[in-house]
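Coordinates in review
Next come the chains, spelled out residue by residue.
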Amino acid sequence: MSHKINIEICETQDDVALLAAGKITTLVRNNPQSILGLSTGATPIPTYEEIIRAHRKNAVSFAEACTFNLDEYWGLGSDHPQSYRQFMNSRLFDHIDIPLWNTHLLNGKAASPQLECQSFEASILARGGIDLWLLGIGVNGHIAFNEPGSPVSSRTRLVELSKDSIKANSRFFDSVDQVPQYAISVGVATILEARTILLLATGNNKANAVARALSDPPGSDCPASFLQSHPDCTFIVDRSVGSRIETHH
Ligand code: F6R
């Protein structure tokens, strides 16, 4: 294999969560002012639960930490129940000691998406960049909402969601028609600037995307394949994804 991506194969989803949460809490213990990049979706939920557990045991404080999220649905305000702001508050921020003003999500109702995207990138830079970005991966190989076709140079911008992503996200809405068709999302270049990248993938349906991310030549067809160029990127996967990678190589 030519890629430099580290791969950790865990038996179960719970083991993935324990390992990922351990890496994040260690980082924050070593540097309480860590700048974390976070994602939404089903995959990181068990990891967030482990982080909350560690915080409750007094094992880690986020009082000085700062977070940035990958993306937000375009057209949903921060008080909308399906917004990623609400997801992050209810799944993580409300249960740890991070000040909400230190948690950054793109505003899905900003008057100007261009200005919103530029100021998000500027805030990341002003904080000195992301120490660790926690990612998931889409069945089509997307990272954040960098859908197939996204260039390696892409930065935070308004993007149209692919049919695959709309279908995959419809499980969080009453019907597929309610899923927003656009999002604002950090770009591939924004992600690659993080000092460390941790991508989590669990479940059979992610096996193909992970295999492509590891072995396709880096390219826009599978945006996660661009991670091959990152000097410190680790994929933590469960057995259902891991066995596919092992067979594949
Ligand atoms: C979420 C995000 C997406 C998800 C991906 C996987 O902020 O940017 O790229 O990480 O769609 O989603 P789940 O974990 O729900 O399978």
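Provided above is the structure to which this section pertains.
Residues numbered from 1 in each chain as written. Predicted model: local features only at pLDDT ≥ 70, side-chain atom pairs only at ≥ 80, totals over all residues. Heavy atoms only, no water.

**Quick look at the overall build of the protein chain**
Looking only at helices and strands, the protein chain features eight helices and 10 strands. Here the C-alpha atoms of the protein chain give a radius of gyration of 17 Å, agreeing with the 18 Å that 2.2 N^0.38 yields for 249 residues. When its C-alpha atoms are laid out on the principal axes, the protein chain stretches across 45 × 40 × 35 Å. Classification of the 249 residues of the protein chain by burial places 55% in the buried group. The long-range fraction of contacts in the protein chain, counting pairs at least 24 apart against all pairs at least 6 apart in sequence, stands at 77%. When the accessible surface of the protein chain is split by element, carbon and sulfur atoms take 50% of a total near 10,900 Å². (Helix = DSSP H or I, 4+ residues; strand = E, 2+ residues; numbered from the N terminus. Rg over C-alpha atoms; globule rule 2.2 N^0.38 Å. Buried < 20%, exposed > 50% of the residue type's maximum accessible area, 1.4 Å probe, protein only. Contact = heavy atoms within 4.5 Å. Areas by Shrake-Rupley, 256 points an atom, 1.4 Å probe, with all protein chains shown as cover.)

**Quick notes on the pairing of strand S8 (residues 182-185)**
Two strands pair when backbone bridges link them, and strand S4 (residues 71-73) and S8 are joined in this way by three bridges, in the antiparallel orientation. Bridge assignment links Glu72 to a residue of S8, and that residue is Ile184. With four bridges joining them, strand S7 (residues 157-160) and S8 adopt antiparallel strand pairing. Residue pairing for S8: Leu158 is matched across the bridge by Ile184. (Pairing = 2+ DSSP bridges.)

**Quick look at the packing of helix H1 (residues 13-30) against helix H2 (residues 45-56)**
With their axes 8 Å apart at the nearest point, H1 and H2 run at an angle of 55° to one another. By the angle between their axes, H1 is oblique relative to H2. Crossing of H1 over H2 shows right-handed handedness. Here Gln13, Ala17, Leu18, Ala20, Ala21, Ile24 and Thr25 of H1 come into contact with H2, specifically with Pro46, Thr47, Glu50, Ile51 and Ala54. For the contact of H1 with H2, the class distribution of residues is eight nonpolar, three polar and one charged. (Axes fitted to C-alpha atoms, helices over the stretch in contact; angles between N-to-C directions. Parallel < 35°, antiparallel > 145°, perpendicular 65-115°, else oblique. Left-handed = near helix turned anticlockwise from the far one by under 90°. Nonpolar A, V, L, I, M, F, W, Y, C, P; charged D, E, K, R; others polar.)

**A few points about the environment of Leu134**
Along the polypeptide, Leu134 turns up in strand S6 (residues 132-135). With a relative accessible area of 0%, Leu134 lands in the buried category. Considering only alpha carbons, one finds Leu134 and Thr40, 94 residues apart in sequence, at a separation of 9.5 Å. In this view, Leu134 contacts Ile24, Gly37, Leu38, Ser39, Pro44, Tyr48, Leu70, Leu198 and Leu200; residues no more than four positions away in its chain are not counted.

**Focus: the site of the ligand**
Taken together, 13 residues are adjacent to the ligand, and Thr43, Asp71, His142, Arg171 and Lys206 come closest. With respect to the ligand, the side chain of Thr40 contributes an N or O atom lying 2.9 Å from an oxygen atom. The side chain of Asp71 places a nitrogen or oxygen atom 2.5 Å from an oxygen atom of the ligand. Notes on the ligand: free accessible area 410 Å², of which the protein chains cover 94%. (Near = heavy atom within 4 Å. Polar contact = N/O pair within 3.5 Å; in protein donor to acceptor, adjacent residues only side chain to side chain.)

**Quick word on the packing of aromatic side chains**
How two aromatic rings sit relative to each other is given by the distance of their centres and the angle of their planes. A complete count under the given rule lists five aromatic pairs for this structure. The interplanar angle of 35° and the centroid separation of 6.3 Å between the aromatic rings of Tyr73 and Phe145 together place this pair among those described as tilted. Placement of the pair is Tyr73 in strand S4 and Phe145 in the loop between S6 and S7, with a sequence separation of 72 residues. Exposure remark for Tyr73: the relative accessible area of 1% places this residue in the buried category. Since its relative accessible area comes to 4%, Phe145 is described here as buried. In this structure an aromatic cluster arises from ring pairing among Tyr73, Tyr84, Phe145 and Phe173. (Phe/Tyr/Trp six-rings, centres within 6.5 Å; stacked < 30°, edge-to-face > 60°.)

**As for the side chain of Asn140**
Note on placement: Asn140 falls in the loop between S6 and S7. Looking at Asn140, its side chain comes within polar contact range of the side chain of Ser162, at 3.2 Å. Setting aside its immediate chain neighbours within four residues, Asn140 contacts Glu147, Pro148, Ser162, Asp164, Ser165, Asp221 and Pro223.

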